[in-house]
Amino acid sequence: MPGPSGRPNRFSERSTVKNLVRTTALRAVRSRAWKNTSKWIRGTERWQQLEDEYDGSYVKAEVVVYFGDRNPKFYQLSQWIPVLEELHGKHRVVLVFRKPSALLEARELTRLPMALKRRFDPLHTFYHANDFKLALYVNNGMSNFQSLGFAPMVHVHVNHGESDKLSMVSNQAKSYDKVFVAGDAAINRHRKSLVDFDESALVKVGRPQLDIDREPELESSSATTIMYAPTWEGENDANNYTSVDLFGSQIVEAALGIDGCRLIYKPHPRVAASNDPAMAEANARILELIESANESIADHSLQHQILMEGDILAMFDTVDLLVTDISSVGLDYLYLHPEKPLVLTDRRDDAAKLNDEAPISRATPIIDGSTVGQTDGLLRDMLTNDSAAEARQDLRRHYFGEGTKGTSTVMFTEAISKLIANRTSEMKKYHFESTNAEASDE
């Protein structure tokens, strides 16, 4: 626009340009893309501060416990925390994390030393700067291989449970120096599943996680307590052992119909978050059945309960009968209470295959497509006429070895001590300055 003299108004033009730039900038900073970028920058700064705080410079330890996953899988490590705290008294332990979310969860549970190493190079710099003798792995996470690249340590896989699921045995077992297993059942499982596997790598240590004394999380009741504790559907069909979608509501209806009994519904944590429509619908139906049944029960101690969270191991003392799927839950119950009745499910309706793959099923009634209609009578019979107690004792020895509660912790600690002593002696022959492992920090 020209000014009074007929010349262009430079001030007006500059003002227009400024307004245009300002408007464009405001739109940019208010956009979803910028907000996401800003959030990422702030998050990165926070994680960097956390990494600086937990750089591990103060650590003087012998045992690394490596965990490379985010907090949704933290349950795989959390069950080991009490055992590691006890081990820490004899062999100093450091928890090494790759993801900040897992570290944040861990520091709510324990005061064990921790280190956060988000990238490959800082991880190996940390390893080289210390005199670690042994590393423990509670899963087969992909980033485990970055840690395995450090040769001076003994690398030991301990897994996060003992069950007859297909996922309990992986060809990745060949990558570790040693694989700690519960007992003979696990050795047979590896023998049947892996080709060219050196069985001398297997070390029997029982199940030390079950030796820890826990504060009870389930109040006692004058009612007989039946717990239904199904697993989730797994990552694929081969690893799907859940009964929720097929038999869940019928199992619950049968238990609710037994006078003098209360039902505890304690599914795997991932059942509630399942994206499978059949699972979600069945879980919702179970919750509805339990809530409806409680409407006519005034005494809280007699009411049925829905426990989506909590330590199931701290509930077993109060349970009189457990109904569960093929998972670690049934075997944990067998270890702690072989004298109590146990019922298993089989979604594949193949008793012969189940007996072969899961020996525990040989000493328990099975709920499958052919027997689910008789669940009411089956549960009543197990509560009044349990004839499988002796067989369960034999299977407990098959899965976990001889000994009583506490024996596994002794075996575990002795195995760690022996490996550390051997590695310390062997390391006098070697000299390490670098690693040929490859980084992958995507």
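Our subject is the structure listed above.
Residues numbered from 1 in each chain as written. Predicted model: local features only at pLDDT ≥ 70, side-chain atom pairs only at ≥ 80, totals over all residues. Heavy atoms only, no water.

Draft legend 1. Fine view of the pattern of salt bridges. In the structure shown here, the tally under the stated rule is 18 salt bridges. For Arg 118, the salt bridge is made with Glu 51, and the minimal N-O distance between the two is 3.1 Å. Here the residue Arg 118 occupies a position in the loop between β3 (114-116) and α6 (120-128), and Glu 51 occupies one in helix α2 (residues 32-53), the gap between them amounting to 67 residues. Overall, the relative accessible area of 11% leaves Glu 51 in the buried class. Between Arg 214 and Asp 311 there is a salt bridge, and its shortest N-O distance comes to 2.8 Å. With Arg 214 in the loop between β7 (202-204) and β8 (224-229) and Asp 311 in the loop between β10 (305-306) and β11 (321-324), this residue pair connects regions lying 97 residues apart in the sequence. Of the residues examined, Arg 214 reaches a relative accessible area of 22% and is grouped as partly exposed. (Salt bridge = Lys/Arg side-chain N within 4 Å of Asp/Glu carboxyl O. Helix = DSSP H or I, 4+ residues; strand = E, 2+ residues; numbered from the N terminus. Buried < 20%, exposed > 50% of the residue type's maximum accessible area, 1.4 Å probe, protein only.)

Draft legend 2. Structural detail: the side chain of Ser 408. With respect to the secondary-structure elements, Ser 408 resides in helix α15 (residues 407-426). Excluding its chain neighbours within four sequence positions, the residues that come into contact with Ser 408 are Val 205, Gly 206, Arg 207, Pro 208, Asp 211 and Tyr 335. (Contact = heavy atoms within 4.5 Å.)

Draft legend 3. Main features of helix α13 (residues 375-384). Here α13 has its buried residues at Thr 375, Leu 378, Leu 379 and Met 382. Along the axis of α13, the buried residues cluster in a sector spanning 95 degrees; they form a single face. Where the residues of α13 are buried, they touch α9 (244-256), β11, β12 (342-345), β13 (366-367) and α14 (389-400). (Arc of directions from axis to C-beta.)

Draft legend 4. Here's a closer look at the sheet that holds strand β6 (residues 178-181). Pairing within the open sheet is parallel, and its 7 strands lie in the order β3-β2-β1-β4-β5-β6-β7. Each end of this open sheet is capped by a strand with a single partner; those strands are β3 and β7. Put simply, the sheet's adjacent strands are angled 25 degrees from each other on average, direction ignored. In this structure, strand β1 (residues 63-67) lies alongside strand β2 (residues 93-97), joined through 5 bridges in parallel fashion. (Pairing = 2+ DSSP bridges. Axes fitted to C-alpha atoms, helices over the stretch in contact; angles between N-to-C directions.)

Draft legend 5. Up close: the pairing of β1. Of all 5 residues that make up β1, 5 are buried, and the element is covered over most of its length. Side chains of β1 alternate between two faces, with Val 63, Val 65 and Phe 67 and Val 64 and Tyr 66 buried alike. Here 4 bridges tie β1 to strand β4 (residues 134-137), and the two strands are oriented parallel to one another. Bridging across to β4, Val 63 finds its partner in Leu 134.

Draft legend 6. Seen up close, the pairing of β11. Burial along β11 is two-sided: Leu 321 and Val 323 facing one way and Leu 322 and Thr 324 facing the other are all buried. Here β8 pairs with β11 via 4 bridges, running parallel. Within β11, the residue paired with Ala 229 across the bridge is Thr 324. Strand direction decides the pairing type here: β11 and β12, joined by 3 bridges, are parallel.

Draft legend 7. Structural context of the nonpolar core. Phe 97, Leu 136 and Phe 412 are the most contacted members of the largest nonpolar core, which has 36 residues in total. Put simply, the parts of the chain that give this core at least two residues each are β1, α4 (81-87), β2, α5 (100-106), β3, β4, β5 (154-157) and α15. Residue contributions to this core peak at 5 residues, all from α15. Discounting residues that sit within four places of it in the chain, Phe 412 has contacts with Trp 80, Val 83, Leu 87, Leu 136, Val 158, Phe 180, Val 205 and Pro 208. (Core = buried A, V, L, I, M, F, W, Y, C linked by side-chain atoms within 4.5 Å.)

Draft legend 8. How the structure looks around the packing of α9 against α13. Relative orientation of the contacting elements α9 and α13 amounts to 55 degrees, with a least axis distance of 8 Å. Compared by their axis directions, α9 and α13 come out oblique. Crossing of α9 against α13: the hand is right-handed. Judged by residue contacts, Ile 251, Ala 254 and Ala 255 of α9 engage Thr 375, Asp 376 and Leu 379 from α13. (Parallel < 35°, antiparallel > 145°, perpendicular 65-115°, else oblique. Left-handed = near helix turned anticlockwise from the far one by under 90°.)

Draft legend 9. Fine view of helix α10 (residues 277-294). With 18 residues, α10 extends 26 Å from end C-alpha to end C-alpha; this agrees with the ideal 26 Å at 1.5 Å per step. Turning to α10, its buried residues are Met 279, Ala 282, Asn 283, Ile 286, Leu 289, Ile 290, Ala 293 and Asn 294. Along the axis of α10, the buried residues cluster in a sector spanning 130 degrees; they form a single face. Residues of α10 that are exposed and point more than 90 degrees away from the buried face comprise Pro 277 and Glu 281. As for α10, its buried residues are in contact with β8, α9, β9 (261-265) and β10. Looking at where α10 begins, the residue whose side-chain oxygen comes 2.8 Å from the main-chain nitrogen of Ala 278 is Asp 276. (Expected span 1.5 Å × (residues − 1). Polar contact = N/O pair within 3.5 Å; in protein donor to acceptor, adjacent residues only side chain to side chain.)

Draft legend 10. View of the packing of aromatic side chains. Summed over the entire model, instances satisfying the criterion amount to 14 aromatic pairs. Between Phe 316 and Tyr 333, the ring centres sit 5.0 Å apart and the planes meet at 80 degrees, which makes this aromatic pair edge-to-face. Here Phe 316 is found in the loop between β10 and β11, whereas its partner Tyr 333 is found in helix α11 (residues 328-336), with 17 residues between them in sequence. For the pair Phe 316 and Tyr 333, a shared accessibility class is recorded, and that class is buried. Ring plane angle 80 degrees and centroid distance 4.9 Å describe the contact between Tyr 335 and Phe 400, whose orientation is recorded as edge-to-face. Of this pair, Tyr 335 sits in helix α11 while Phe 400 is found in helix α14, placing the two residues 65 residues apart along the sequence. Side by side, Tyr 335 and Phe 400 carry an identical accessibility label, which is buried. Here the aromatic residues Phe 126, Tyr 127, Phe 132 and Phe 150 are joined through ring pairs into a cluster of three or more. Taking NZ or CZ as reference, Arg 270 lies 3.8 Å from the ring centre of Trp 232, over its face. Positioned above the aromatic ring of Tyr 241, the side-chain terminus of Arg 348 is 5.0 Å from the ring centre. (Phe/Tyr/Trp six-rings, centres within 6.5 Å; stacked < 30°, edge-to-face > 60°. Lys NZ or Arg CZ within 6 Å of the ring centre and 35° of its normal.)

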